[in-house]
Amino acid sequence: MNLASSLLQQLANPDLTHDERVQIRCHLAKEMEEAGNYEAARSVLESLWQRVGERPEIEGLNKLTAAELLLRAGSLSGWIGSSRQIEGSQEIAKDLISQSIGLYQELQDVEKECEAQITLAICYWREGAFDEARIVLNNVITRLDDACGLQKGRALINLAMVERGANRHIDALRILVDSSPLIESVDKHSFRGSFHTQLASVLNELGTTQGRSDYIDRSLVEYAAASFHYGEAGNVRYKARVENNLGFLFLTNGRLSEAHEHLDRARRLFASLKDKGSVAQVDETRARAFLEEGKNAEAEKVVRVTVRVLEEGGEQAHLAEALTTWGVALARLGKPDEARRMLERAGEVAYQAGDIAGAGVAALTLLEELSEQLEREEKLGIYERADQLLSQSQHPGILSRLRLAARKALQASKPASTPQADKRRWPNFVYASDEMAELLKRAHRIATTLHPLLISGEPGTGKELLARLVHEWSGRAGEFVAVNCGALTDSACETELFGNRWEGFSERASDNPGLVRQAAGGTLLLDEIAELSPSAQAKLLRVIEHGEIHTLGEPVPEYVDVRIIASTNHDLKKRVEKGSFREDLFYRLQAFHVEIPPLRERPEDIEALAKHFITEALKQDSKRIVFTPEAIQAMRRLPMEGNARELQMLIERTLLAASDGAVITPEAVETAGLRRSKRASFANPWEGFSLKEEVRQLESRFIELALKEAKGHVSKAARLLGFKHHESLSSLIETKHRNLLEARVPATPRRRSIIRRNKIEGAERAKRP
């Protein structure tokens, strides 16, 4: 007798209390949910909860039972909402799950609370909010020990899934490999099936992009294992997902007929389950296969329907992928204007959802597909945006595409003229303040030397643009090569920077010259230098001091003439004090240091930049949109925490959202500037407004600042914020601002005074008979 039958028999017992019956129904619904039978799970709870959007009946239940019912209703709301593409379903699911978390916290049931947190993270993942999902899952992993194998394993598997979504495939592989002993200790088929699916997907991505046939072979083995476990668990839905993943694997490896076979199977299975969301995802993969076959019209037809389906739900990351595929199809059908609108929309949808990598892929695709229709300055601007958005990507294929796009953009921008004219090929700094004028003069003087340069400043202040200008002013004939150190893992860092050469390999493709050698005769920008691994820091110091690199596989060092520019938004001196950054390297870089002040400290530059961005944006748009002088003046008062990048995105969003003939007023500017969600535009500052969310984000920012001022001490931060008791602030962080948990320092147990303890103990003895 299986567990489901046993639970049904238990429900027939007339002596059960109402709470006991509800608990059994929740247990049965959970079993059906894990088997992928979401509608059957919902029907089990029908007397307590009928449909997505309704609140379950928890009146009269004890806290434990109520929490379980809320969790089950929330989890099913997420799955059914995804399957049917029900608008707002993920928000509904998150609300119910959050309520269950609150009850489990009151009951101090850590394992059940963590189970609910994992379910909440999956909702964030569906929406493309990878940062939020990552924070929640890392918190769960920290709190659970290996004795809670099932829940900790779920958290690890889902964290790997999140990292895959964010194009951090190397991190995902590390998580899965490290967690495999824990996974094997849990005897649950659906659980093991999820592990093998994630591992297979990561191996396929890395194998395809790195040319590792052994990874591809291993991926097929892992998919077979996943299919076996899902079959044993009776989970048809997840078997269908394996078929879809296999279709994608064969697509990316050029085996298109096999890809179509697996996609056909996946579509039939999902259609039998009436899962139109998953059918749409299969169709998006099918459209990619058609594009590979040159069947652009068929691809456009399929993906157009896919987009319409995905627009009904709240899974913005999947919608952004489909919009990107649609843009490619339109571009290849010779419809550049429509293609550009679609790719720009894909980037906007992904960015607003928090899928930064997805937004970067959309920008990169725009550059690849519409290069011939873009002006020189447009290419550079789009490349810089893609580079910034993909700065955290670990996907080798995407990084390779990005490097190729960089080379094309650089080649397109090289006029056959004198070095003096060459200085104008990059967009100049836009500024109006005396402060920036002096900074640029100093940078120009430094450019004529051969010394390394350190550029610091907040994100979005223009560090890379200044580095490019320094390269141009230097007159060096070689390339300007930029690399984001934060995107390099310790294992890949030295190879990417300094190259490798393996005599044992017969294929020349195994040799990698490295970025330092690529920049020979030119300039190498090391963005986010603070993230460079210790071993790479030592090698970089040797490059600066002696001009030497020692390539892996080479017997002797080699001289390279390269100018090093480093940039960071961190305080490197503090990194030195913590021991994470070499002191000798710091002082070599610090000798020539330029710090770009944040935009909010130079309001006259806000106005100048706003006029520049408006002028440039209107050149690309046929709309007649007017920014009143008062509106531009109002921009000077915006906080601009994202600096020039934030201002540019606000203006670009405004042009996308505004209707022809719109007039932007200072009131609209102030409203959009006050919003913390950053999803507004000046054209429609109230779009998607939620006072509750705006207040929550503002509250979060004040708490973050207070904790920073208090160096993580909650008691001191509570006093700064006006709380009478620090417990109130701790509770607020635990319930509403869990992303700030790591900003706290661990609480120190208070020691009771010996005198006070003696008095209390004496008083207690006096009371005894």
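Further up the page is the structure itself.
To keep things clear, this report deals only with the structure shown in the data block.

Criteria and cut-off values
- Residues numbered from 1 in each chain as written.
- Predicted model: local features only at pLDDT ≥ 70, side-chain atom pairs only at ≥ 80, totals over all residues.
- Heavy atoms only, no water.
- Helix = DSSP H or I, 4+ residues; strand = E, 2+ residues; numbered from the N terminus.
- Buried < 20%, exposed > 50% of the residue type's maximum accessible area, 1.4 Å probe, protein only.
- Contact = heavy atoms within 4.5 Å.
- Areas by Shrake-Rupley, 256 points an atom, 1.4 Å probe, with all protein chains shown as cover.
- Patch = residues over 30% accessible without salt bridge, like charges linked within 9 Å, V, L, I, M, F, W, Y side chains within 5 Å.
- Salt bridge = Lys/Arg side-chain N within 4 Å of Asp/Glu carboxyl O.
- Lys, Arg positive; Asp, Glu negative; His and termini not counted.
- Charge placed at Lys NZ, Arg CZ, Asp CG, Glu CD.
- Pairing = 2+ DSSP bridges.
- Axes fitted to C-alpha atoms, helices over the stretch in contact; angles between N-to-C directions.
- Core = buried A, V, L, I, M, F, W, Y, C linked by side-chain atoms within 4.5 Å.
- Phe/Tyr/Trp six-rings, centres within 6.5 Å; stacked < 30°, edge-to-face > 60°.
- Lys NZ or Arg CZ within 6 Å of the ring centre and 35° of its normal.
- Expected span 1.5 Å × (residues − 1).
- Polar contact = N/O pair within 3.5 Å; in protein donor to acceptor, adjacent residues only side chain to side chain.
- Disulfide = S-S within 2.5 Å.
- Bend = angle between axes of the 7 residues up to and from the residue.
- Parallel < 35°, antiparallel > 145°, perpendicular 65-115°, else oblique.
- Left-handed = near helix turned anticlockwise from the far one by under 90°.

## Topic: the overall build of the chain
1) Next: Counting its secondary structure elements, the chain contains 36 helices and nine strands.
2) Next: Counting over 769 residues, the chain shows a buried share of 51%.
3) Next: Taking as baseline every contact in the chain between residues at least 6 positions apart, the subset at least 24 positions apart corresponds to 66%.
4) Next: If you sum the accessible surface of the chain, you get close to 36,600 Å²; carbon and sulfur atoms cover 50% of it.

## Considering a negative patch on the surface
1) Next: Negative charge collects at one region of the surface, where Asp434, Glu435, Asp571, Glu577, Glu595, Glu601 and Glu604 lie side by side.
2) Next: One can find Asp571 in the loop between strand 6 (563-568) and helix 27 (572-578).
3) Next: Residue class for Asp571 comes out partly exposed when judged on its relative accessible area of 41%.

## Comments concerning the sheet that holds strand 1 (residues 453-456)
Hydrogen bonds along the backbone pair up the strands of a sheet, which may run parallel or antiparallel.
1) Next: Pairing in this open sheet of five strands is parallel, and the strands run 2-3-6-1-7 from one edge to the other. In the strand order of this sheet, the two ends are held by strand 2 (480-484) and strand 7 (593-595), each with one partner. This sheet shows a mean twist of 20° between the axes of neighbouring strands, independent of strand direction.
2) Next: Relative to strand 7, helix 22 (residues 434-447) is tilted by about 155°, and along the sheet it contacts strand 1, strand 6 and strand 7.

## Focus on the pairing of strand 3 (residues 523-527)
1) Next: The buried fraction of strand 3 is high, at four of five residues.
2) Next: In this sheet, strand 3 lies alongside strand 2 in parallel orientation, the contact comprising five bridges. Bridging from a neighbouring strand, Val483 pairs with Leu526 of strand 3.
3) Next: Bridge count for strand 3 against strand 6 is five bridges, and the pairing is parallel. Residue Leu525 lies in a different strand from strand 6, and its bridge partner there is Ile565.

## Quick word on the nonpolar core
1) Next: Counting residues in hydrophobic clusters, the biggest one holds 48 residues, and the most contacted among them are Leu45, Leu69, Leu76 and Ile97.
2) Next: If you list the elements that add at least two residues to this core, you get helix 2 (18-34), helix 3 (38-44), helix 4 (63-84), helix 5 (89-107), helix 6 (110-127), helix 11 (213-233), helix 12 (236-252) and helix 13 (256-272).
3) Next: Leu291, Ala359, Val361 and Leu366 belong to the second-largest nonpolar core, a separate cluster that totals 43 residues.

## Some points on the packing of aromatic side chains
1) Next: Tallied over the full model, the rule gives four aromatic pairs.
2) Next: Here Trp79 and Tyr238 contribute two aromatic rings whose centre-to-centre distance is 6.5 Å and whose plane-to-plane angle is 70°, an arrangement assigned as edge-to-face. With a gap of 159 residues between them, Trp79 in helix 4 and Tyr238 in helix 12 connect regions that are remote in the sequence. Residues Trp79 and Tyr238 agree in their burial class; the two are buried.
3) Next: In this structure an aromatic cluster arises from ring pairing among Tyr38, Trp79, Tyr230 and Tyr238.
4) Next: Its end group placed over the ring of Trp79, Arg126 keeps NZ or CZ at 4.2 Å from the ring centre.
5) Next: For Arg241, the ring lying beneath its charged end belongs to Tyr238, and the centroid distance is 4.7 Å.

## So, helix 4
1) Next: Here helix 4 contains 22 residues, and its C-alpha end-to-end distance of 31 Å stays within 8% of the 32 Å for a straight helix at 1.5 Å per residue.
2) Next: With 19 of 22 residues buried, helix 4 is to be regarded as a mostly interior element.
3) Next: Capping the start of helix 4 is the job of one residue whose side-chain oxygen sits 3.2 Å from the backbone nitrogen of Leu64: Asn62.
4) Next: After helix 4 finishes, the residue Gln85 shows a positive phi value of roughly 55°.

## Focus on the pattern of salt bridges
1) Next: What the rule picks out here adds up to 52 salt bridges.
2) Next: In this structure, Glu699 and Lys736 form a salt bridge, with 3.3 Å as the shortest nitrogen-oxygen distance. Placement of Glu699 in helix 33 (residues 691-709) and of Lys736 in helix 35 (residues 726-736) is noted, with a sequence separation of 37 residues between them.
3) Next: Looking at Glu699, the relative accessible area reads 25%, which means it is partly exposed.

## Thoughts on the environment of Val140
1) Next: Locating Val140 in the fold gives a position in helix 7 (residues 130-143).
2) Next: When sequence neighbours within four positions are dropped, the list of residues in contact with Val140 reads Cys114, Gln117, Ile118 and Ala155.

## Notes on a positive patch on the surface
1) Next: Positive charge collects at one region of the surface, where Lys574, Lys578, Lys708, Lys711, Lys716 and Arg719 lie side by side.
2) Next: Secondary structure elements with two or more residues in the positive patch: helix 27 and helix 34 (714-721).
3) Next: Residue position: Lys708 is located in helix 33.
4) Next: Residue classification places Lys708 among the exposed positions, given a relative accessible area of 69%.

## Thoughts on the state of the cysteines
1) Next: Enumeration over the complete set of coordinates arrives at zero disulfides.
2) Next: We note that Cys114 lacks a disulfide partner, and the nearest cysteine sulfur, in Cys148, lies 7.6 Å from it.

## Looking at helix 9 (residues 169-184)
1) Next: Taking 1.5 Å of rise per residue, 16 residues should cover 22 Å, and helix 9 covers 22 Å from first to last C-alpha, within 8% of that figure.
2) Next: Remark: the principal bend of helix 9, roughly 40°, maps to Asp178, with a proline, Pro181, within the next four residues.

## Topic: the packing of helix 14 (residues 276-292) against helix 16 (residues 316-332)
1) Next: Interaxial distance between helix 14 and helix 16 falls to 10 Å at its minimum, and their mutual angle equals 25°. Classified by the angle their axes make, helix 14 and helix 16 are roughly parallel. Judged by the sense of rotation from one axis to the other, the crossing of helix 14 with helix 16 is left-handed. Facing Gln281, Glu284, Ala287, Arg288 and Leu291 of helix 14, the residues of helix 16 in contact are His318, Glu321, Ala322, Thr325, Val328, Ala329 and Arg332.

## Looking at a nonpolar patch on the surface
1) Next: Taken together, the side chains of Leu698, Phe702 and Leu705 present a nonpolar region at the surface, about 270 Å² in accessible area.
2) Next: Counting through the fold element by element, Leu705 comes out in helix 33.

## Re the packing of helix 26 (residues 534-546) against helix 28 (residues 583-590)
1) Next: Between helix 26 and helix 28, the shortest axis-to-axis distance is 10 Å and the interhelical angle comes to 40°. Classed by the angle they form, the pair helix 26 and helix 28 counts as oblique. Crossing angle aside, the handedness with which helix 26 passes helix 28 is left-handed. Contacts between helix 26 and helix 28 involve Gln537, Leu540, Leu541, Ile544 and Glu545 from the former and Asp584, Leu585, Arg588 and Leu589 from the latter.

## Thoughts on the environment of Ala405
1) Next: Locating Ala405 in the fold gives a position in helix 20 (residues 396-412).
2) Next: For Ala405, a relative accessible area of 6% gives the class buried.
3) Next: Sequence separation between Ala405 and Ala386 is 19 residues, and the spatial gap between their C-alpha atoms is 9.7 Å.
4) Next: Residues in contact with Ala405, not counting those within four places in the same chain, are Leu364, Leu367 and Tyr383.

Shape descriptors only; they carry no functional weight alone.
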